[in-house]
Amino acid sequence: MKAQELDEIKDIELRTKFEPKPRNICSACGKDIGFPRLIAMNNINICFQCLDAAKQLADERRKEISKKEIERIAHVISTDEEGLTDIGMSTTAYMYAERLYKAGYRKVE
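Structural notes, computed from the coordinates.

Reading guide: rules and limits
- Residues numbered from 1 in each chain as written.
- Predicted model: local features only at pLDDT ≥ 70, side-chain atom pairs only at ≥ 80, totals over all residues.
- Heavy atoms only, no water.
- Helix = DSSP H or I, 4+ residues; strand = E, 2+ residues; numbered from the N terminus.
- Buried < 20%, exposed > 50% of the residue type's maximum accessible area, 1.4 Å probe, protein only.
- Contact = heavy atoms within 4.5 Å.
- Disulfide = S-S within 2.5 Å.
- Salt bridge = Lys/Arg side-chain N within 4 Å of Asp/Glu carboxyl O.

With respect to the helices, strands and loops of the structure, Asn24 is situated in the loop between α1 (3-18) and β1 (38-41). Taking relative accessible area as the criterion, Asn24 reaches 16% and is therefore assigned buried. In this structure, Asn24 is in contact with Lys31, Asp32, Ile33, Gly34, Phe35 and Leu38, ignoring residues within four places of it in sequence.

Shown next, in the form of structure tokens:
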């Protein structure tokens, strides 16, 4: 073997020895976290920090969606065929709409 080939082989051996294993790297942030602090599923590794960030974003989005749905339900409750039935009823309608939403009512299309 030539000296250059030996150097390449040593270089490859050193790289594989000291590079982080793919299973220890977070797929979202790319950090070498270590396997115990990763959630692995379907060839994707996600670290706890990225999971927390994703959960926070999902919770904020759920709040936005639920607020819009509660406002829609309150609008339906506070109006009838002729239009708005009582302007003072809007806070009461919102309260009942919030209860309905929390009880599991969802618009089915």
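Here the narrative resumes, following the displayed structure.
Further remarks concern the state of the cysteines. Taken as a whole, this structure holds zero disulfides when the rule is applied. Considering cysteine sulfurs only, Cys26 is the nearest to Cys29, which forms no disulfide, with 3.7 Å between them. Given the relative accessible area of 35%, Cys29 is considered partly exposed. Cys47 takes part in no disulfide bond, and the closest cysteine sulfur, belonging to Cys50, lies 3.5 Å away.

What the rule picks out here adds up to five salt bridges. Residue Asp59 is joined to Arg62 by a salt bridge in which the shortest nitrogen-to-oxygen separation is 3.2 Å. Taken as a pair, Asp59 and Arg62 lie in helix α2 (residues 48-78) at a separation of three residues, close to a single helical turn. Judged by its relative accessible area of 29%, Asp59 falls in the partly exposed class. Notably, a salt bridge pairs Arg72 with Glu69, separated by 2.9 Å at the nearest N-O pair. Residue Arg72 and its partner Glu69 are both found in helix α2; the two are separated by three residues, about one turn of the helix. Via salt bridges that share partners, Lys55, Asp59 and Arg62 belong to a single interconnected network.

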